[in-house]
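One letter stands for each residue in the lines below.
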Amino acid sequence: VKLNTNENPYPPSPRVMEAVRAVPPHALQRYPQPMADAFRAAASRVLGVPQDAILAGNGSDDILTIATRTFLDPGGTLAYPEPTYSLYPVLARLQDARVVTVPWGSGWSLPIDALVATGARAIYLANPNAPTGTRVPASAVEALARAFDGVLLVDEAYVDFADENCLDLALRLPNVVISRTMSKSYSLAGVRFGFSVARPELVREMAKVKDSYNCDALSIAAAAAAISDQDYARSTWSKIRAERSRLTSALEARGWSVLPSQANFVFATVPGHRARTVHSALKAAGVLVRYFDVPGIDDKLRITVGTPEDTDALVAALSTIP
Ligand code: PMP
């Protein structure tokens, strides 16, 4: 029972497999279209954004790498609220940039003034955040973007499981870049496909930095088919949201406290500082969840929302742990 890396527990749309099978041999023989235009056209239709406002990447980690190389010079500063996605400092260090972290505000609110006061060139904001699953309102994100003269990257890896997104900010404001992934809400973590949405002038700069052929012919076909089948994807999102409530109640019934999640995982405090022990015991029982050996969050576990059967297996395993 694999609840440790926030994958979608349901398979991708059947149309994805059809699209992959339909890829003709010459598409493998030749280099792929460099900007993944077949995907951009599909995403443009579905999201209602211009095609030249979209940049495709080899997973959203590739988008984050491209953004870091585009917007941060050596010696420049990246700021973000902490805790958050652990890749951000790694990318900044590879770019010889400085990292300044700011604690989240009370109730996991956006520390706007503290972020702006860092004097950073770029701010990264995972929204919903990982590993907390919490979300700040789009109005707060907009206030931050307006108060900040660098680039604000909003990492919306989990946004399809949330009540609100910031997509329109990327078109309305000149300094907002949205990053999205096909890994979670479209069940394609194995394919490696992500994308960003930003004003075309920013997309053009990011396109200069990316590898020439960062997305391959098979992944472009798969991702275009997946985003085009909104009915299918949305059916998995609503099952996951319903299961998120059931999982939350099941954990709360055991005395755990669970942060209100807007993502496809929950972040829960294990009573009695037993997170590490419970993590190992679950692993021994064949249930994988995520434990962070990091001060401040080492009393918590991050658990991906799976199928109802996954939740039942987790709860059954928990009842065997003394
Ligand atoms: N952003 C966040 C906040 C994530 O948790 C992840 C998943 N590890 C990613 C981006 C990257 O996802 P992918 O590269 O699969 O698109």
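Computed from a predicted model, the values in this text were never measured in an experiment.

Enquirer: Explain empty space enclosed by the protein to me, please; I cannot follow it from the model alone.
Expert: Rolled over the atoms, a probe with the dimensions of a water molecule shows which regions are left empty. This model, assessed by the stated rule, comprises one cavity of 30 Å³ or more. Each pocket or cavity is described by its volume, and for the largest cavity that value is around 40 Å³. Considering the residues around the largest cavity, the lining is formed by Pro11, Pro12, Ser13, Ser185, Tyr186, Ser187, Ala226, Asp229, Tyr232, Ala233 and Thr236. Ranked by residue count, the leading element in the lining of the largest cavity is helix H11 (residues 230-253), at three residues. Classifying every residue of the lining of the largest cavity by side-chain character gives six nonpolar, four polar and one charged.

Enquirer: Would you explain the pattern of salt bridges in this entry?
Expert: Close approach of charged atoms allows side chains with opposite charge to pair. Under the criterion given, the structure shown has 14 salt bridges. Here arginine 172 and glutamate 142 are joined by a salt bridge, their closest N and O atoms 3.0 Å apart. Of the two residues, arginine 172 is situated in helix H8 (residues 167-172) and glutamate 142 in helix H7 (residues 138-147); the sequence distance between them amounts to 30 residues. Judged by its relative accessible area of 39%, arginine 172 falls in the partly exposed class. Look at the salt bridges and you will find they share partners, linking Glu142, Arg146, Asp168 and Arg172 into a network.

Enquirer: Help me understand the environment of alanine 224 in this model?
Expert: Structurally, alanine 224 can be placed in helix H10 (residues 217-228). The class of alanine 224 is buried, set by a relative accessible area of 12%. Along the chain, alanine 224 and phenylalanine 39 lie 185 residues apart, while their C-alpha atoms are 4.4 Å from each other. Sequence-distant contacts of alanine 224, that is, excluding residues within four places in its chain, are made with Ala38, Phe39 and Ala42.

Enquirer: What is the right way to read the packing of helix H3 (residues 37-47) against H10 from this model?
Expert: Each pair of packed helices can be described by the angle between their axes along with the distance between the axes. Two elements in contact, H3 and H10, have axes separated by 8 Å at closest approach and are oriented at 10°. For the element pair H3 / H10, the angle class is roughly parallel. In this structure, H3 uses Ala38, Phe39, Ala42, Ala43 and Val46 to contact H10, whose residues at the interface are Ile220, Ala223, Ala224, Ile227 and Ser228.

Enquirer: Help me understand helix H12 (residues 275-284), please; the structure alone is not making it clear to me.
Expert: Each α-helix winds once per 3.6 residues, and so residues spaced three or four apart point in a common direction. Every buried residue belonging to H12 is among Ala275, Val278, His279 and Leu282, and all of these are buried. One face of H12 carries all of its buried residues, which in axial projection span an arc of 105°. Buried residues along H12 sit in contact with strand E10 (290-291), strand E11 (300-304) and helix H13 (308-319). One or two residues past the end of H12 sits glycine 286, with phi positive at roughly 90°.

Enquirer: Please clarify how the side chain of serine 44 should be interpreted in this entry.
Expert: Relative to the helices and strands, serine 44 resides in helix H3. Discounting residues that sit within four places of it in the chain, serine 44 has contacts with Val49, Pro50, Gln51 and Ile54.

Enquirer: How do you make sense of the layout of surface pockets when you look at a structure like this?
Expert: Counted as a void, the largest pocket has a volume near 730 Å³. Elements supplying a minimum of two residues to the lining of the largest pocket: helix H4 (60-71) and strand E2 (77-82). If one sorts the elements of the lining of the largest pocket by residue count, H4 sits on top with three residues. Its residues assigned to classes, the lining of the largest pocket shows 17 nonpolar, nine polar and eight charged.

Enquirer: Hey, could you run me through the site of the ligand in this one?
Expert: Surrounding the ligand, one finds Gly59, Ser60, Asp61, Tyr85, Asp155, Ala157, Tyr158, Thr181, Ser183, Lys184 and Arg192. Between tyrosine 158 and the ligand, the recorded distance is 2.7 Å, taken from a side-chain N or O atom to an oxygen atom. Serine 183 places a side-chain nitrogen or oxygen 2.6 Å from an oxygen atom of the ligand. Here the ligand has 410 Å² of accessible area as a free molecule, and 89% of this is covered by the chains. When each cavity is represented as a set of grid points, the ligand is found to reside in the largest pocket. A class-by-class count of the residues in the shell around the ligand yields three nonpolar, four polar and four charged.

Enquirer: Is there a simple way to think about the sheet that holds strand E4 (residues 122-126) in this case?
Expert: Note: strands within a sheet are paired through backbone hydrogen bonds, in either parallel or antiparallel orientation. Across the sheet, which stays open at both edges, the seven strands sit in the order E1-E7-E6-E5-E4-E2-E3 with mixed pairing between neighbours. Since the sheet does not close on itself, it has two edges, and those belong to strand E1 (54-57) and strand E3 (98-103), each with one partner. Neighbouring strand axes in the sheet, compared pairwise and without regard to direction, differ in orientation by 20° on average. Sheet topology places strand E5 (residues 151-155) next to strand E6 (residues 176-181); four bridges connect them, and they run parallel. Of the residues in E6, the one forming a bridge with leucine 152 is valine 176.

Enquirer: What is the right way to read the nonpolar core from this model?
Expert: Side chains of nonpolar character tend, in soluble globular proteins, to be buried together. Of all hydrophobic cores here, the largest spans 73 residues; its most connected members are Phe39, Met182, Leu251, Ile303 and Leu314. The residues contacting methionine 182, other than those within four sequence positions of it, are Phe39, Ser187, Leu188, Ala189, Phe193, Gly194, Phe195, Ala223, Ala226 and Ile227. Counting residues in hydrophobic clusters, the runner-up holds 24 residues, among them Phe71, Ala122, Val151 and Leu202.

Enquirer: In this structure, what is going on with the pairing of strand E9 (residues 265-269)? I would like to understand it.
Expert: A regular strand places its side chains so that they alternate between the two faces of the sheet. Within E9, five of the five residues are buried, leaving the element largely enclosed by the surrounding structure. Here E9 shows two buried faces, one formed by Phe265, Phe267 and Thr269 and the other by Val266 and Ala268. Counted along the chain from strand E8 (residues 257-258) to the antiparallel partner E9, the turn is six residues long. Pairing of E9 with E11, which is carried by five bridges, proceeds in the antiparallel orientation. By the bridge assignment, phenylalanine 267 is partnered in E11 with arginine 302.

Basis of the calculations
Each chain has its residues counted from 1, running along the sequence as written. Only residues with pLDDT of 70 or above have their local features reported here, since the model is predicted, and side-chain atom pairs are shown and tallied only from 80 upward, although totals for entire chains, interfaces and linings are computed over all residues. Working from all heavy atoms in the structure, the side-chain values ignore hydrogens and water. Here a cavity denotes grid points, spaced 1 Å and computed from the protein atoms alone, that fit a 1.4 Å probe unable to get out, and a pocket denotes an open set having protein on both sides within 12 Å along at least 5 of 7 lines; residues with an atom within 4 Å of a point are the lining. Grid points are joined across faces, edges and corners, and a volume is the space filled by probe spheres set on the points. Secondary structure follows DSSP: runs of H or I at least 4 residues long count as helices, runs of E at least 2 residues long count as strands, and numbering of each begins at the N terminus. Residues are grouped as follows: nonpolar covers Ala, Val, Leu, Ile, Met, Phe, Trp, Tyr, Cys and Pro; charged covers Asp, Glu, Lys and Arg; every other residue, Gly included, is treated as polar. Salt-bridge detection follows one rule: a side-chain nitrogen of Lys or Arg within 4 Å of a carboxyl oxygen of Asp or Glu. Under the scheme applied here, a residue whose accessible area is under 20% of the maximum for its type counts as buried, over 50% as exposed, and between as partly exposed, the area being computed with a 1.4 Å probe on protein chains only. Here a residue-residue contact requires only that any non-hydrogen atoms of the pair lie within 4.5 Å. Helix axes are fitted only over the stretch in contact, all axes being lines through C-alpha atoms; the angle between N-to-C directions runs from 0 to 180 degrees. These descriptions rest on fixed angle ranges, namely under 35 degrees for roughly parallel, over 145 for roughly antiparallel, 65 to 115 for roughly perpendicular, and the rest for oblique. The directions from the helix axis to the C-beta atoms form the arc being described. Near is defined per residue: the residue qualifies when any heavy atom it owns lies within 4 Å of the molecule or strand. Throughout this description, a polar contact denotes any pair of N or O atoms lying within 3.5 Å of each other; where both atoms belong to protein, one of them has to be capable of donating a hydrogen while the other can accept it, and for residues adjacent in sequence the pair is counted only when both atoms sit in side chains. Values of accessible area rely on a 1.4 Å probe in the Shrake-Rupley scheme; residue burial ignores everything except the protein chains shown. Think of it this way: if more than half of a molecule's atoms are within 2 Å of a pocket's grid points, that molecule is in the pocket or cavity. Strand pairing follows a simple DSSP-based rule, namely that at least 2 bridges must link the two strands. We define the nonpolar core as a collection of buried residues of types Ala, Val, Leu, Ile, Met, Phe, Trp, Tyr and Cys that are connected through side-chain atoms lying within 4.5 Å of one another.

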